[in-house]
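Working through the structure, step by step
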There are 2 protein chains.
Amino acid sequence: MTNAWSQEPVRRLPDWLQAQALRRPLHPAIETANGVLNYEELLYAALSCAASLYDQGLYAGQRAAVLLKDSYAHTIVLHALIQLGAILVPLNWRLSAPELAYQVEDCDAQLLICDAQTMSLAQEVNQSYRFPAGVIEFAELQTKGGRALDVFKADIDLTAPHCIVYTSGTTGRPKGAVITYQNHWWSAMGSVLQLGLRLDERWLVPMPLFHVGGMGVLLRSLIYGTTVVAHNGFDVERVDKALAYEGITLVSLVPAMLARLLDKRSDPYPDTLRAVLLGGGPAPKPLLERALALGIPINQSYGLTESNTQVATLMADDALAKVGSSGKPLANVRLAIDSPDGPTSMPRVEGEILVQSPTVIAGYFNQPMATEHAFRDGWLHTGDIGVFDDDGFLYVLDRRTDLIVSGGENVYPAEVESALMRLAGVQDAGVVAQANATWGQVPVAFVVLKDGVELTDETLAQWRTRLRELLAHYKIPQAFYAVSSLPRNASGKLLRRELREWVKTRC
Amino acid sequence: MTNAWSQEPVRRLPDWLQAQALRRPLHPAIETANGVLNYEELLYAALSCAASLYDQGLYAGQRAAVLLKDSYAHTIVLHALIQLGAILVPLNWRLSAPELAYQVEDCDAQLLICDAQTMSLAQEVNQSYRFPAGVIEFAELQTKGGRALDVFKADIDLTAPHCIVYTSGTTGRPKGAVITYQNHWWSAMGSVLQLGLRLDERWLVPMPLFHVGGMGVLLRSLIYGTTVVAHNGFDVERVDKALAYEGITLVSLVPAMLARLLDKRSDPYPDTLRAVLLGGGPAPKPLLERALALGIPINQSYGLTESNTQVATLMADDALAKVGSSGKPLANVRLAIDSPDGPTSMPRVEGEILVQSPTVIAGYFNQPMATEHAFRDGWLHTGDIGVFDDDGFLYVLDRRTDLIVSGGENVYPAEVESALMRLAGVQDAGVVAQANATWGQVPVAFVVLKDGVELTDETLAQWRTRLRELLAHYKIPQAFYAVSSLPRNASGKLLRRELREWVKTRC
């Protein structure tokens, strides 16, 4: 400092919710089926909830698992954990109890917060992993009165973890993606620089809040001081009504949701709807064309959990000229294609998409080797295959070779195969995506049966029952095909590329 | 990283101009009297100019003094220096050659870039301080062809200094405020979160680009990828025409400029003009009322060089209810009032305004003691006196006790007094502000004459001639009053508070 020649990087900011409660106390912060909270009310609710969690034995730095279907509850708890300095572990309530137990044990969660709808699943998880501070229903927590404890934080430490989001990998073993506050800050700013910002923004989220896509909108709106409209899951009638009549300016959708909306819709939406952010997997060209024909401002985007949502977005202005592209990198993001000569931004080179961005996560919790592998050489290695065109627009040619994206949810074949191998009568199994008009993709399975076993309706029924105990519903193969052997290379590695050919030719 | 538990703060971003040239190559970046440059053209011009400066002997980390009246030239050079990694020292062309020589010597400037209008002043400065790489006219620099050297940077280091802006202090000795890239980034984001952002923003800057107020807009527009409309100085007809017919969305003004515009104007401006940022000193209440009556969306703001422009802004919606206030702190800014019990945000406590903000500068170049004093205890001590009302709105009661703000320019009495003491016949001198309808304030002087000297027209004419050699025009007292002695305390310190009373009662 003696020479004042340079500066430490910015690390701390005034707490975002406290700041918005001062700046815009009466501005609506969240709208859910349970009503509207303004920023002052949200702060009071979060402070009371945080004090209540503290009383339950949850302290700063500990992990709090959250299994909430109710958006109102999820939002209050998310803000309470920030006030407390505890780390959010948002759980996917579509997963099975064993899947969830693995995650909460991996991150050593201190307690689990559930609601009436998720209580029985929560209790089941608690059978396998005993939460030190127990399982608590949201309704039991105080959210009135604005009780603040002096252990609460006045600042945001940008470098600290905000949450751990579990994402399955190609190995099938879920990994906890550690997302920091600065990841959220830079995502929020990247989005502003791409889409602009209205002070009266109303951002509709009909997707689950446990994914980065939904959660990101909660954090962005907090950083902006604007309004989130959160639905508990996707109800096509309700979303259509909100877009048509409720002054929504931005909405995040996955292709399957857009498809269902368009099946309903023949009129344009009002001009207040200024961008539809389409993420969570590739959108079929005909779907985009139908939307554009209706004047819906589609912004196709590309991103992944490890980049804390989108790193590239195709602006609505370019949507017609560049159908099928995910657009250009957001501000402050550098994308490259991995080539034999190293990372390149040259056009027409196909290869793995690499990302440098201040939104790239800290790493995988307690998995230094997986972290080192995914983030080697200063780039996030996405596993997705892409190419730039001559104008610098990114086209994603193939999501991670193995990845199946079904209705916005990631399904990793290795994880499903590992469950299939536990079924009575299965000798070998291979899982691959099949195109589906509603969900984009669904998983299907090729199985080698043990001697004497046959693929009867009865066998299938037994398998499905067993699989429902092991896997989330959307991961269960929609079809099973018996084969005499699976294509494997000399070292025994399954050749999924061939399986994908089988789907096209045999199914 | 083994635990992936937290993250290093973000330090590097892809170069902003290179990124915009990729994202929005054909979008207008700057509009000046010399025409329009889009982002691709601006990048090419900046690269060529940077290569040309490198050929002249200017390297990364060195200081480049810039004395340019021409906005087009100033803009290209500003961007060229970023590409080169050299540090901009923007000089105020209203200053005298000795004032400028002090600044360039203090920062050890490598060269001086001037234009046709500032050439003779530049040569005069070069008499006192020999620039190692000389004085160069902008017209001699290459700005065509986009020549890039491999010494250019591909990244922005957020913690590195971008520029050194000289600001006089209460001691009269100018200090070089070191503004970093992250100061600009956070100013840009603070502004977005306060005003929102349109992707087709057109921000008019009729104020000089050598001040943080004007320069800040150049950097923000770069960060946003939007358009700056830069005038070479304030021409009331031209500004009025731009606001009325040229789709300006934002404009930065000082109160004196607004007063002159309102003298011309009886009709509202179009709705495209969404905010008038009023900075550079307090605005008289009648002026604000006239503007609001005409429906002009005034955003009164408070800031200083040391906070890299505004830290508080009064939104147009609150302008009527809170006339005279500077509004609430921007996002990520914490303001407090220094009280006997320490920094407080309680209402109705009057005291020095303290600032915490990621926009607060690195410090004063080569002045560790002044830096330590101004930034002690983790707060920027502004020297300004303020108070919060019950709703958290800031009122600036008194700019730094000594400071005179004349037409947006800061005038430090101590500096003017020190020049007055060099005049023949002056025994003692005290300088203080007098209210002025056009400029807000002007400096006036109380002088104690040496024995036998009288304040004749001839004496005054001689003084003015000599003062023009020593001081910028706007610093020269508009009136001189002869007195028998000045009010000083026991230790000889001038009591300016009493001088201010004299102005009210005697002048």
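Every residue gets a number counted from 1 within its own chain, in the order that chain's sequence is written. Ligands are numbered from 1 and chains lettered from A, in the order in which they are written. At least 70 in pLDDT is required for a residue's local features to be given in this predicted model, at least 80 for side-chain atom pairs to be given and counted, and no such filter applies to totals for whole chains, interfaces and linings, which use all residues. To obtain the side-chain values, all non-hydrogen atoms of the structure were included, while hydrogens and water were left out.

Formally: UniProt positions are given in the numbering used here, feature names are shortened, and annotations may be inferred rather than shown by experiment.
In the annotation of an unreviewed UniProt entry, chain A is listed under the name 2-succinylbenzoate--CoA ligase and assigned to Alicyclobacillus hesperidum. Its UniProt record gives chain A a comment under Function (unreviewed entry), which states: "Converts 2-succinylbenzoate (OSB) to 2-succinylbenzoyl-CoA (OSB-CoA)." Recorded in UniProt for chain A, the comment headed Catalytic activity (unreviewed entry) runs: "2-succinylbenzoate + ATP + CoA = 2-succinylbenzoyl-CoA + AMP + diphosphate".

A look at the overall build of chain A
Note the cut-off: Secondary structure elements are taken from DSSP: a helix is a run of H or I of four residues or more, a strand is a run of E of two residues or more, and numbering for both begins at the N terminus. As defined in this context, the radius of gyration uses C-alpha atoms, and a globule is described by 2.2 Å times the residue total to the power 0.38. The rule is simple: take the accessible area with a 1.4 Å probe, protein chains only, and divide by the maximum for that residue type; under 20% is buried, over 50% is exposed, in between is partly exposed. Here a residue-residue contact requires only that any non-hydrogen atoms of the pair lie within 4.5 Å. Accessible surface is estimated by sampling points in the Shrake-Rupley manner with a 1.4 Å probe; for residues, cover comes only from the protein chains shown. By the counting rule applied here, Lys and Arg register as positive and Asp and Glu as negative, while His and the ends of each chain are not counted. Here the site of a charge means NZ on Lys, CZ on Arg, CG on Asp, or CD on Glu.
Looking only at helices and strands, chain A has 14 helices and 28 strands in total. Rg of the C-alpha trace for chain A: 23 Å, near the compact-globule value of 23 Å for 507 residues, within the 12% margin. Viewed in the frame of its principal axes, chain A has a C-alpha envelope of about 70 × 60 × 55 Å. Residues counted as buried form 64% of the 507 residues belonging to chain A. For chain A, restricting intrachain contacts to residue pairs at least 6 apart in sequence, the fraction spanning at least 24 positions comes to 68%. Summing over all exposed atoms, chain A offers an accessible surface of approximately 19400 Å²; the carbon and sulfur share of this is 49%. Each charge class in chain A was averaged separately, 44 positive and 54 negative side chains, and the resulting centres sit 1 Å apart.

Describing the sheet that holds strand 16 (residues 309-313) of chain B
Residue and element names in this part refer to chain B. Operational definition: Between any two strands, at least two bridges found by DSSP are needed for them to pair. Geometry is summarised by axes, namely lines fitted to C-alpha atoms with helices restricted to the contacting stretch, and by angles between N-to-C directions that run from 0 to 180 degrees.
Across the sheet, which stays open at both edges, the nine strands sit in the order 3-2-12-11-13-14-15-16-17 with mixed pairing between neighbours. Only two strands of the sheet have a single partner each, and these edge strands are strand 3 (35-38) and strand 17 (328-329). Bridge analysis of strand 13 (residues 250-253) against strand 14 (residues 275-278) gives four bridges, and the strand direction is parallel. What sits directly across from Leu253, in strand 14, is Leu278. In the packing of helix 3 (residues 71-84) onto the sheet, the strands contacted are strand 2 (28-32), strand 3 and strand 12 (227-230), and the crossing angle to strand 2 comes to about 145 degrees. Here helix 9 (residues 255-264) sits on the sheet in contact with strand 13, strand 14 and strand 15 (298-304), set at roughly 110 degrees to strand 13.

A word on the domain arrangement of chain A
Residue and element names in this part refer to chain A. The line we're drawing: Domain delimitation follows an automatic or database domain assignment. Note on definitions: buried area is the accessible-area loss of two parts on being combined, 1.4 Å probe, summed for both. Here a salt bridge means any side-chain nitrogen of Lys or Arg lying within 4 Å of a carboxyl oxygen belonging to Asp or Glu. Residues adjacent in sequence count toward polar contacts only when both atoms are side-chain atoms; beyond that, a polar contact is any pair of N or O atoms within 3.5 Å, and within protein one must be able to donate a hydrogen and the other to accept it.
As assigned here, chain A comprises domain 1 (14-398) and domain 2 (404-506). Of the residues lining the interface, 20 residues belong to domain 1; the matching set on domain 2 comes to 18 residues. Together, the buried faces of domain 1 and domain 2 total about 1400 Å²; carbon and sulfur atoms form 52% of this surface. In this structure, the connection of domain 1 to domain 2 is made through two salt bridges. With its nearest N and O atoms 2.5 Å apart, the salt bridge here joins Glu409 to Arg94. The tally of links from domain 1 across to domain 2 stands at seven residue pairs in polar contact (both at pLDDT 80 or more). Where the side of domain 1 that touches domain 2 is concerned, the elements lending two or more residues are helix 4 (97-106) and helix 9 (255-264).

Focus: the relation of the copies chain A and chain B
What counts here: Least squares is the method for superposing the copies, and the C-alpha atoms it fits come from residues with pLDDT of at least 70 in both.
Of the two same-sequence chains, chain A is brought onto chain B (RMSD 0.0 Å, axial shift 0.0 Å) by a rotation of 180 degrees. Each copy turns onto its partner about a two-fold axis. When each C-alpha of chain A is compared by its distance to the rotation axis, Leu197(A) comes out closest, at 2.4 Å. Here 98% of the interface residues in chain A have copies in chain B that are interface residues too; the copies meet face to matching face.

What about the pattern of salt bridges?
Residues and elements named next belong to chain B. Scanning the model with the defined rule gives 39 salt bridges over all chains in all. Among the ionic pairs, Arg12 bridges to Asp155, the shortest N-O distance being 3.3 Å. Separated by 143 residues along the polypeptide, Arg12 in strand 1 (residues 12-14) and Asp155 in strand 8 (residues 155-157) bring together distant segments of the chain. Take Asp155: its relative accessible area is 17%, and that puts it in the buried class. With a shortest N-O distance of 2.9 Å, Asp263 and Arg290 are connected by a salt bridge. Separated by 27 residues along the polypeptide, Asp263 in helix 9 and Arg290 in helix 10 (residues 285-293) bring together distant segments of the chain.

What about the nonpolar core?
Worth spelling out the cut-off: In this text, buried Ala, Val, Leu, Ile, Met, Phe, Trp, Tyr and Cys residues form a nonpolar core when linked through side-chain atoms within 4.5 Å.
Counting 248 residues, the largest nonpolar core has Trp16(A), Leu53(A), Trp185(A), Trp16(B), Leu53(B) and Trp185(B) as the members making the most contacts within it. Leave out the neighbours within four places in its chain, and Trp185(B) touches Trp185(A), Trp186(A), Met189(A), Leu193(A), Asn332(A), Trp16(B), Leu158(B) and Ile223(B).

Concerning unusual backbone geometry
The backbone of Asn366(A) shows a phi angle near 60 degrees, a positive value even though the residue is not glycine. By secondary structure assignment, the location of Asn366(A) is in the loop between strand 21 (363-364) and helix 11 (368-374). In this structure Asn366(A) comes out as partly exposed when scored by relative accessible area, which is 45%. With a phi close to 60 degrees, Asp377(B) is a non-glycine residue in the positive phi region.

Observations concerning the interface of chain A and chain B
Between chain A and chain B, the contact holds 63 residues from the first and 62 residues from the second. Roughly 4800 Å² is buried in total at the junction of chain A and chain B, and carbon and sulfur atoms are behind 60% of that figure. Per-residue buried area on chain A facing chain B is highest for Trp5(A), Gln7(A) and Arg23(A); these three make up 16% of the total on that side. Summed over the shared surface of chain A and chain B, the number is two salt bridges. Between Asp155(A) and Arg334(B) there is a salt bridge, and its shortest N-O distance comes to 2.9 Å. Taken together, the connections running from chain A to chain B amount to 28 residue pairs in polar contact (both at pLDDT 80 or more). Ranked by the residues each element gives to the side of chain A that touches chain B, the list is headed by helix 6 (residues 181-195) of chain A, at nine residues.

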